Amino acid sequence: MSAVAVLNAERVKLTTTRSPLWSAIAVAVLSLGLAAIQASTVYGPRPLEPEKAAMGVAVFGVPVLMILSALTVTNEYRSGLIRTTFMAVPNRTLVLAAKATVAAAFSSFYAAVMAAASIVVAHSHLEWRLVGGIALYAALAAVVGVAVGALLRASAGAVAVLLLWPLVAEPLLGNMPNISTQVGPYLPFGNAFRFIDVTWLYPYYAMPWGPLGSIVYFAGVAAALFVAALVTVNRRDA
Amino acid sequence: MGAMIELAGLTKVFGDTRAVDDLTCSIEPGVVTGFLGPNGAGKTTTMRMILGLDHPTAGTATIDGKPYRELTDPLRHVGALLEARQTHPNRSVRAHLRWIAATHRLPANRVDEVLDMVGLATVAAKKAGTLSLGMSQRLGIAAALLGDPPVLLFDEPVNGLDPEGIRWVRTLMRTLAGEGRTVFVSSHLLAEMSNTADRLVVIGRGKLIASTTVSEFVGRADTVRVRSPQLDRLREVLSDADIGVDDDAEASALLVRGVASEVVGELAARNGITLHELTSQQVSLEDAYMKLTDEAVQYRAAT
């Protein structure tokens with residue numbers, strides 16, 4: 001049983017259903033649409049800043065890709081397919097690692113393409129550091145998606161968590177008058193947005209670390225969730 | 001070619017129910033072994049433990065001396081059909097087999113081979129979710145055969161199949177066993193098992209009731225009807241010999257369980273007991289099964 005074979009099997013799985021296509025369309029509509037709308041409101045000689053143009057990808061596109069990643073796990077639990085998977089590959093750590101790798105590769109590639117496309121649509125200037133940053137953020141978010149999917153097993157629960165966490169819970173906590181300055185700097189998605197320098201609903205905090213520290217922090221959260229998922233899945237009956 | 005499945009003290013406890021209770025037996029190659037028990041007896045849980053899906057609370061299940069999770073390339077050793085609809089409804093039939101084949105680097109033409117074998121070649125491009133139950137069952141069997149494994153497990157393979165499908169599954173299982181493979185099939189349809197299986201592992205409430213050949217199993221539950229004017233004396237003699245006795249509907253007769261009529265006759269002669277009737281009552285597999293599982297249930301309830 002080689003890791004490459006398992007990775008290949010997960011790639012076949014991802015590319016033989018329609019859900020990547022639908023997710024890709026949703027992300028494109030959200031990203032390019034937002035970029036176009038923002039660009040249309042720009043007056044004067046200066047174009048839209050690239051961070052603003054790519055906001056749709058970072059804020060709405062990546063959560064959709066995260067949900068796609070989670071569904072690669074929860075769909076298998078719903079149909080019972082996970083048993084076929086674990087019968088073919090009894091090493092469950094290998095299964096989850098392969099799922100996370102394939103989801104991360106797809107998410108980061110597509111997020112990068114969409115970020116670049118958004119910038120082009122908004123007539124802004126391409127900034128490769130931003131595109132690369134979004135790709136990295138999307139890859140880590142995909143790992144979060146797979147981990148949450150494996151921990152919760154149910155699609156509905158995973159989708160709720162993955163939408164509410166970055167889009168509702170963190171902005172709420174980050175804007176609470178009494179605690180926002182203490183909690184704000186430690187919000188995982190807040191840190192990810194800080195790394196790619198996309199401002200959205202979050203006030204500007206004095207973070208204990210720089211942009212690089214921020215993405216390391218987000219990666220740490222993703223890794224912790226992934227390890228929790230590995231321990232749970234290995235211990236649980238399938 | 002086949003390999004032995006061995007269960008040793010296999011136990012699974014969910015909360016305070018013992019779903020599988022100290023199961024010890026071995027399943028041999030070259031024959032079809034039926035795995036019988038009423039619904040909820042622990043058949044599926046046992047199969048899941050053999051396949052490394054559920055963790056046993058105690059005991060072991062091994063294939064060729066190894067736990068499933070330690071097999072390298074498990075699908076080349078064991079093929080299993082648990083539930084028919086273990087597929088992604090929107091993935092095509094061929095793609096479903098293709099990813100399974102990919103985990104073991106099986107050649108692409110093997111997918112077409114098994115599709116031909118189960119008669120699904122014409123629907124290979126269809127989505128798995130659009131298949132009928134019988135066709136899903138065939139797809140599950142195709143997946144089990146993919147790695148050409150010497151050991152095969154089928155959980156209720158004929159559930160929901162039409163007579164034609166049932167006959168196909170039965171023939172397939174006999175063919176696989178004939179090739180020297182180990183075939184372990186669970187079912188609660190006894191009539192099916194008497195046609196298909198050579199050996200039986202019978203469980204009730206998670207406990208092993210019998211691990212034997214089909215004919216011996218039926219024989220074990222046979223009863224002998226005895227009529228005698230010295231009924232009390234006969235009852236005494238039989239219970240001294242540790243032979244189970246039931247009262248017959250008729251006051252002057254007894255039903256003797258689990259021994260041949262010869263044994264009863266000789267015992268009576270040796271003790272000078274007059275017999276008016278000594279008849280062996282053949283029972284069907286169904287009756288034998290009901291009788292034995294019933295006892296297991298009653299035994300549990302009494303303690």
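Bear in mind that the values here come from a model prediction, so they are computed numbers and not experimental data.

Moving on, we get to the overall build of chain A. Looking only at helices and strands, chain A has 11 helices and zero strands in total. For chain A, the α and β elements follow one another from N to C terminus as α-α-α-α-α-α-α-α-α-α-α. Taking 2.2 N^0.38 as the reference for a compact globule, 238 residues should give roughly 18 Å; the C-alpha atoms of chain A span a radius of gyration of 18 Å, in line with that estimate. Seen through its principal axes, chain A has C-alpha atoms that stretch 60 × 40 × 30 Å. Classification of the 238 residues of chain A by burial places 50% in the buried group.

Residue and element names in this part refer to chain A. Their axes nearest at 9 Å, the elements helix H6 (residues 92-121) and helix H11 (residues 211-235) cross at an angle of 140°. With respect to H11, the element H6 is oriented oblique. Between H6 and H11 the crossing geometry is right-handed. Taken together, the residues of H11 that come into contact with H6 (itself represented by Arg92, Thr93, Leu96 and Ala100) are Phe226, Ala229, Leu230, Val233 and Asn234. Class assignment of the residues belonging to the contact of H6 with H11 gives a composition of six nonpolar, two polar and one charged.

We now examine H11 of chain A. All names here are of chain A. In this model H11 runs 36 Å from its N-terminal to its C-terminal C-alpha over 25 residues, within 8% of the 36 Å that 1.5 Å per residue would give. Those residues of H11 that sit buried are Ser214, Ile215, Tyr217, Phe218, Ala222, Phe226, Ala229 and Val233. Buried residues along H11 sit in contact with H6, helix H7 (128-152) and helix H10 (188-196).

Moving on to the nonpolar core. One finds Leu65, Ala111, Ala115, Ile134, Tyr137 and Ala142 of chain A to be the most contacted residues of the largest nonpolar core, which totals 155 residues. Ignoring anything within four residues of it in the chain, the contact list for Leu65 of chain A reads Ser23, Val27, Ser107, Tyr110, Ala111, Ala138, Ala141 and Ala142 of chain A. Counting residues in each nonpolar core, the second largest holds 10 residues, with Leu234, Leu254, Val256 and Val259 of chain B among its members.

Attention shifts here to the sheet that holds strand S4 (residues 58-63) of chain B. Residue and element names in this part refer to chain B. Read across the sheet, three strands follow the order S2-S1-S4 without closing on themselves; strand pairing throughout is antiparallel. Each of the sheet's edge strands pairs with one partner strand only, and the pair in question is strand S2 (17-27) and S4. Direction aside, neighbouring strands of the sheet carry axes that sit 20° apart on average. In the sheet, strand S1 (residues 5-14) pairs with S4 via five bridges, with the strands oriented antiparallel. Each bridged residue has a counterpart across the sheet, and for Leu7 the counterpart in S4 is Ala61.

Criteria and cut-off values
- Residues numbered from 1 in each chain as written.
- Chains lettered and ligands numbered in written order.
- Predicted model: local features only at pLDDT ≥ 70, side-chain atom pairs only at ≥ 80, totals over all residues.
- Helix = DSSP H or I, 4+ residues; strand = E, 2+ residues; numbered from the N terminus.
- Rg over C-alpha atoms; globule rule 2.2 N^0.38 Å.
- Buried ≥ 20, exposed ≤ 12 C-beta atoms within 10 Å, placed from the backbone.
- Axes fitted to C-alpha atoms, helices over the stretch in contact; angles between N-to-C directions.
- Parallel < 35°, antiparallel > 145°, perpendicular 65-115°, else oblique.
- Left-handed = near helix turned anticlockwise from the far one by under 90°.
- Contact = placed C-beta atoms within 7 Å.
- Nonpolar A, V, L, I, M, F, W, Y, C, P; charged D, E, K, R; others polar.
- Expected span 1.5 Å × (residues − 1).
- Core = buried A, V, L, I, M, F, W, Y, C linked by C-beta atoms within 7 Å.
- Pairing = 2+ DSSP bridges.

Nothing here speaks to function; it is all geometry.
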